Amino acid sequence: MTDDVLIVGAGPTGLTLAIELARRGVGVRIVDAAPAPHRESRGKGLQPRTLEVLEDVGGTERALATGTTRLPFRKYFDGAHVNDTDPFADALPTPDAPYERGVLIGQWQVEEILRERLAEFGVGVRLGTEVAEFEQDTDGVTAVLTDGDRIRAGYLVGCDGGRSRVRKVMGVRFDGTTEETQSMVVGDVEAEGIGRDVWHQWFTSDGGGLALCPMPGTDSFQLQASPELDADGEPLPPSLESFQRIFDRYARVPGITLTNPTWLSIWRVNVRMVDRMRVGRVLLAGDAAHVHPIAGGLGMNTGIQDAYNLGWKLALAATGQAGPGLLDTYEEERLPVAAWTLGVSSDLYAQVLERVREPGTGIEVAAPPPMGTGYPWSSLAGPADGSAGSVGDPAVLRPGDRAPDAPCLDASGHPVRLFQVYADPRFTLLGFGAEVADAVGKLAAEHDGLLQGFTVDGVDGGASGAVADLHDHEGHARRAYGVTDPALVLVRPDNHVALFTRDPAEVTAYLARIVTFTPKE
């Protein structure tokens, strides 16, 4: 038996990819080297764009219920309380962006949510094994697992972390640096007597620091700190006893005993990325393709967004609905994002190191720029031939940009958001104005397996009086998409704008390029 796709690694990246494939009817198998799911906080934040992705995947509601969106930072310097701050205190949701701030949640909790969502499609994770070796040919990949089993699949995706075995077998470069002199101890501990309503951050005039972040839904705190050093200046192995000494030194709060360590680790600054994310039928995603400093909380988010970009493309390629050339756009779009992430996280980490040496300032640094704003450079950014010109306002939105949300009413007058409409795994065609209504219906019927279509009327209900699929009753959709005249807006399955046009033939031409993909000239 041949699976369509074999995924190696069941962290947030691999699980998101498996869901994206399974919900499109692709035969997927996912394996992980761990003998059981872990319960470690690790990457502990989901950014607003990732919440949008997980809403489409089917996990945001549970993530918001499990985590917290409001946790002020409490800063101390040499044991004295400096201030409490909330950098997102004034942030509010908008019609086009429903998540104004991220959510604090343990990585193990995110993985649990994703595993349960994947199980709804009848797919489970095979634990305790990973790929030892593989070889590919023109028709697929043959993988040998560490337990001796052999699996034949159409494609193989390595989501197996920074030490990726898949990446090593592929033979791609993993360029960058490892800073042996910059390290941090991290772990999950309990600390009775420390308040759980703030993220505690202690800094001292000698340049050291300690942070205790209460993890929602648990009794644990995630501890991050400068490590203890031995006589040669090397970090001591992490231990509960070492964590206690570090806490006593930096926090200077007597009578607090750290207990119940469920995760103890040491982290070194790695800034590396691959030169390629695909070799034939084998691909990489997440930490297997790029690792970077933890500042900004970008790691888990970047991996999930890798998987979201790859999922629909791999599904079309694996089921024969598109040529394998479509997969070239995965690397084209995500490799620049990986480079951006490495640069941003490195800059933020440098800011942290500088700020902890400034008395009284704590660790306040600029928030990272928003992730997932789009791929305007991509070969998938239409229109296909440009003959009809762009009908959207490029100052508002361009092909390749993230598709905004907007509140509308459905044909029955019930509230519906565009993000709910986009949850269908196909392309979505929005037809603004009665003039393009017939074209929307015809195109949706001609490309039923690839496209869903919706007519959108204006605030006044449209001049023709015909009942539209969506009523833009407050004008938010038109403003978000920069549309003033009749227009067709094609949205990709990963919720990025594919093209703006007035000409139905351009939609047909674009979808034809997807089916037999060739790069844009």
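Before reading on, note that the structure itself is shown above.
Residues numbered from 1 in each chain as written. Predicted model: local features only at pLDDT ≥ 70, side-chain atom pairs only at ≥ 80, totals over all residues. Heavy atoms only, no water.

**Q** With reference to specific residues and values, describe the environment of glycine 158.
**A** Along the chain, glycine 158 falls in strand S10 (residues 150–158). Expressed as a C-alpha distance, the spacing of glycine 158 and alanine 288, which sit 130 residues apart in the sequence, is 6.6 Å. In this structure, glycine 158 is in contact with Val8, Val166, Leu283, Leu284, Ala285 and Ala288, ignoring residues within four places of it in sequence. (Helix = DSSP H or I, 4+ residues; strand = E, 2+ residues; numbered from the N terminus. Contact = heavy atoms within 4.5 Å.)

**Q** Account for helix H10 (residues 437–446), naming residues and giving values.
**A** What H10 keeps buried is the set Ala439, Val440, Leu443 and Ala444. Along H10, the residues classed as buried sweep out an arc of 125° about the axis, all on the same side. Residues of H10 that are exposed and angled more than 90 degrees away from the buried face: Asp438, Lys442 and Ala445. (Buried < 20%, exposed > 50% of the residue type's maximum accessible area, 1.4 Å probe, protein only. Arc of directions from axis to C-beta.)

**Q** Tell me about the packing of helix H1 (residues 12–22) against helix H4 (residues 107–119), residues and numbers included.
**A** With their axes 9 Å apart at the nearest point, H1 and H4 run at an angle of 20° to one another. Classified by the angle between their axes, H1 and H4 sit roughly parallel to one another. In the packing of H1 onto H4, the handedness of the crossing is left-handed. In this structure, H1 uses Pro12, Leu15, Thr16, Ala18, Ile19 and Ala22 to contact H4, whose residues at the interface are Gln107, Glu111, Leu114, Arg115, Arg117 and Leu118. Each residue belonging to the contact of H1 with H4 can be placed in one class, and the counts come to seven nonpolar, two polar and three charged. (Axes fitted to C-alpha atoms, helices over the stretch in contact; angles between N-to-C directions. Parallel < 35°, antiparallel > 145°, perpendicular 65-115°, else oblique. Left-handed = near helix turned anticlockwise from the far one by under 90°. Nonpolar A, V, L, I, M, F, W, Y, C, P; charged D, E, K, R; others polar.)

**Q** Give me the pattern of salt bridges: which residues, what numbers.
**A** In this structure the tally under the stated criterion is 32 salt bridges. Across the pair aspartate 147 and arginine 126 runs a salt bridge, and its minimum N-O distance is 2.8 Å. With aspartate 147 in the loop between strand S9 (141–145) and S10 and arginine 126 in strand S7 (residues 125–127), this residue pair connects regions lying 21 residues apart in the sequence. For aspartate 147, a relative accessible area of 43% puts it in the partly exposed group. One salt bridge in this structure joins aspartate 175 and arginine 173, with 2.9 Å as the shortest N-O distance. Judged by relative accessible area, which is 36%, aspartate 175 ranks as partly exposed. Overall, the relative accessible area of 48% leaves arginine 173 in the partly exposed class. (Salt bridge = Lys/Arg side-chain N within 4 Å of Asp/Glu carboxyl O.)

**Q** Explain the packing of aromatic side chains to me, using residue names and the numbers behind them.
**A** Summed over all chains, the structure comprises seven aromatic pairs. When the ring of phenylalanine 73 is compared with that of tryptophan 199, the centres are 5.3 Å apart and the planes differ by 90°; the resulting orientation is edge-to-face. Taken together, the positions of phenylalanine 73 in strand S4 (residues 73–77) and tryptophan 199 in strand S12 (residues 199–203) put the pair 126 residues apart, joining distant regions of the chain. In terms of burial, phenylalanine 73 and tryptophan 199 fall into one category: buried. An angle of 40° between the planes, with centres 6.4 Å apart, marks the rings of phenylalanine 432 and tyrosine 481 as tilted. (Phe/Tyr/Trp six-rings, centres within 6.5 Å; stacked < 30°, edge-to-face > 60°.)

**Q** Run through the side chain of threonine 428, naming residues and quoting values.
**A** Inspection of the secondary structure assignment puts threonine 428 in strand S21 (residues 427–432). For threonine 428, the side chain forms a polar contact with the side chain of glutamine 452, separated by 2.8 Å. Filtering out sequence-adjacent residues up to four positions away, threonine 428 remains in contact with Val421, Tyr422, Leu451, Gln452, Phe454, Val489, Leu490 and Val491. (Polar contact = N/O pair within 3.5 Å; in protein donor to acceptor, adjacent residues only side chain to side chain.)

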